[in-house]
Every structure is written in C-alpha cells, then in structure tokens.
Amino acid sequence: MYRSGEGELTVLKNVSFSLEAGGACAIVGPSGSGKTTLLGLCAGLDVPSSGSVRLNGADLSRLNEDDRAKVRAENVGFVFQSFQLLSTLTALENVMVPLELRGMNSKGIREAAVSLLGKVGLGERLQHYPAQLSGGEQQRVALARAFLNSPKILFADEPTGNLDNETSERIVDLLFELNNSSGTALVLVTHNLELARKAGRIIQLKGGLLVEDVEVEPALP
Ligand code: ADP
Ligand code: MG
C-alpha cells in the first residue's frame, strides 16, 4: 500500500510465491500491474504494509532498515530502471564499489570489474561518469556491478528494455551464465516473451493480482 496526497493505494493483493535457491522466474504483466513494486518488496528495498517477505531465511518485513541493508548487501543484486549509479564515480568505480564497501580491494577485483565491463560491451567506457553514458549503458554498468558481487539472488527490472537486439542477447547470456555457474537465483521483470521463457517459469500479474504461475519450456531457437 502506498500513501500519498491522493490517499492510500493498495497495489498488490494476495500475491504469494516462492523461488528455490538457484532458481529463475520471470514476472510479466501490463504496465501498472505492480511488477516493480513487487520486485522492490522482494529485494528488501521496501516493506509491505501487510504480509511477509522471506529471503534466505530472514523475514525482511520484520527487520529494520539497517538489518535489511545488511541482508541486501550479503545476498541481493538488483538492476532497476532507475539505475542507481553513483554520479561522482566512473563506470569502473561504480562496478567495484559494493565489494570495496565490504572491505575487498585487490588488483583481482579491479581486473574482474574491467573484464565484466568488457563483457557487457563497455570496455571503452571505463572512465566515463554516469552522466556521460546513455540509459542503456548505465543499465549495463549496473548489471556488471551486480555480476561482480555474485549475489545469491538477482532482481532485474526490464534488464533488456533499453537495449538493441545484439546487446540484449549478450546481457541475457550473462544473466543465465550467472544463474548456471554461480547459482545466482534470477527474478526478471520483462516484456520480452523469449527472455521470460528462458527463465523456465512465468509469473503473471494483472491489476496487482497474481493471475498465473506456470513452468514453461524455453522457446526453440
Ligand atoms: P509496473 O512495474 O507493473 O508497471 P508499478 O509497481 O511501478 O507497476 O506500479 C503499480 C501501481 O502503483 C501503479 O498504479 C503506480 O501508479 C503505483 N505506484 C508505484 N509507486 C508508487 C509510489 N511510490 N507511490 C504511490 N503509488 C505508486
Ligand atoms: Mg515497472
């Protein structure tokens, strides 16, 4: 429920699902159906006005802001539409910052960050600041940052929404590589049906209700 000048707005109603460690699912639904809100709750960025959210054993809805931040830092990666890059840091520094905050700062981390930025197609943009990057480029920096952290679970809100086909394929490959090789669970909001099928499970929201939760076969190439 959101409170604003216009009063209270209940966005999600009775939505319930769980995802096993290392699993993947796609969340689809029309604009305004509550996808971003749901992702924010699952990632512990917001707390629900009722109901609960469990992540790796912790009930996020019962934790205070500091404890939620700790659970997020240890478990969660997110790539949201508002890219949340730090404007005073370069692309490379933005990718490295979560690990530096956790006290890791080595040549190895820098090399891994450079390599990941190369993989998302930004090898020539290491020293650019967010304001000097396009929306799609900023989103790819956020992806590289999430990848470097190898989180237990990664939430991505329309991760290919701003990208051309070729770059989009590269990002999708990286997402599923992370899922397969690091065991990072994936929760993807997407309008791209092919990407949704790749996740193997599609959860559909409509008007704040979960109207479908099905396992699907990936589309044939
Ligand atoms: P989606 O991502 O599926 O397009 P959202 O989760 O962003 O949908 O939004 C769902 C509904 O909640 C929309 O009607 C939107 O106007 C409303 N909403 C989203 N964020 C807020 C907020 N911070 N305050 C008030 N209403 C909000
Ligand atoms: Mg949204």
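Bear in mind that the values here come from a model prediction, so they are computed numbers and not experimental data. (Residues numbered from 1 in each chain as written. Chains lettered and ligands numbered in written order. Predicted model: local features only at pLDDT ≥ 70, side-chain atom pairs only at ≥ 80, totals over all residues. Heavy atoms only, no water.)

Section: the pairing of strand S8 (residues 185-189)
Counting buried residues in S8 gives five out of five residues, a clear majority hidden from the surface. Relative to S8, strand S7 (residues 153-157) is paired through five bridges, and the arrangement is parallel. Of the residues in S8, the one forming a bridge with leucine 154 is leucine 186. For the handedness criterion, the β-α-β arrangement of S7, helix H6 (residues 165-181) and S8 is classed as right-handed. (Buried < 20%, exposed > 50% of the residue type's maximum accessible area, 1.4 Å probe, protein only. Helix = DSSP H or I, 4+ residues; strand = E, 2+ residues; numbered from the N terminus. Pairing = 2+ DSSP bridges. Right-handed = clockwise from strand over helix to strand, strands pointing away.)

With respect to the packing of helix H5 (residues 135-148) against H6
Put simply, H5 and H6 touch, their axes get as near as 11 Å, and they point 15° apart. With respect to H6, the element H5 is oriented roughly parallel. For H5 against H6, the interelement crossing comes out left-handed. For the pair formed by H5 and H6, the contact residues are Arg140, Leu143 and Phe147 on the first element and Thr167, Ile171, Leu174, Leu175 and Leu178 on the second. Within the contact of H5 with H6, the residues separate by chemical class into six nonpolar, one polar and one charged. (Axes fitted to C-alpha atoms, helices over the stretch in contact; angles between N-to-C directions. Parallel < 35°, antiparallel > 145°, perpendicular 65-115°, else oblique. Left-handed = near helix turned anticlockwise from the far one by under 90°. Contact = heavy atoms within 4.5 Å. Nonpolar A, V, L, I, M, F, W, Y, C, P; charged D, E, K, R; others polar.)

Remarks on the site of ligand 1
In the neighbourhood of ligand 1, the contacting residues comprise Tyr2, Leu9, Val11, Pro30, Ser31, Gly32, Ser33, Gly34, Lys35, Thr36 and Thr37. Between ligand 1 and glycine 32 there is a distance of 2.7 Å, counted from an oxygen atom to a backbone nitrogen or oxygen. Between an oxygen atom of ligand 1 and a side-chain N or O atom of threonine 37, the distance comes to 2.6 Å. Look at ligand 1: alone it shows 570 Å² of surface, and the protein chains cover 59% of it. Of the residues belonging to the shell around ligand 1, the class tally is four nonpolar, six polar and one charged. (Near = heavy atom within 4 Å. Polar contact = N/O pair within 3.5 Å; in protein donor to acceptor, adjacent residues only side chain to side chain. Areas by Shrake-Rupley, 256 points an atom, 1.4 Å probe, with all protein chains shown as cover.)

Thoughts on the environment of glycine 136
Take glycine 136: it is sitting in helix H5. Glycine 136 sits 25 residues away from glycine 161 along the chain, and the two C-alpha atoms are 8.2 Å apart.

Quick notes on the nonpolar core
Core analysis: the largest hydrophobic core is formed by 40 residues, its most contacted members being Leu117, Val141, Phe147, Leu154, Leu175 and Phe176. Counting only elements with at least two residues in this core, the list comes to strand S3 (24-28), helix H3 (91-101), helix H4 (107-119), H5, S7, H6, S8 and helix H7 (193-199). Ranked by residues supplied to this core, first place goes to H5 with seven residues. Apart from residues lying up to four places away in sequence, leucine 175 is in contact with Leu143, Phe147, Leu154, Pro159, Leu186 and Leu188. (Core = buried A, V, L, I, M, F, W, Y, C linked by side-chain atoms within 4.5 Å.)

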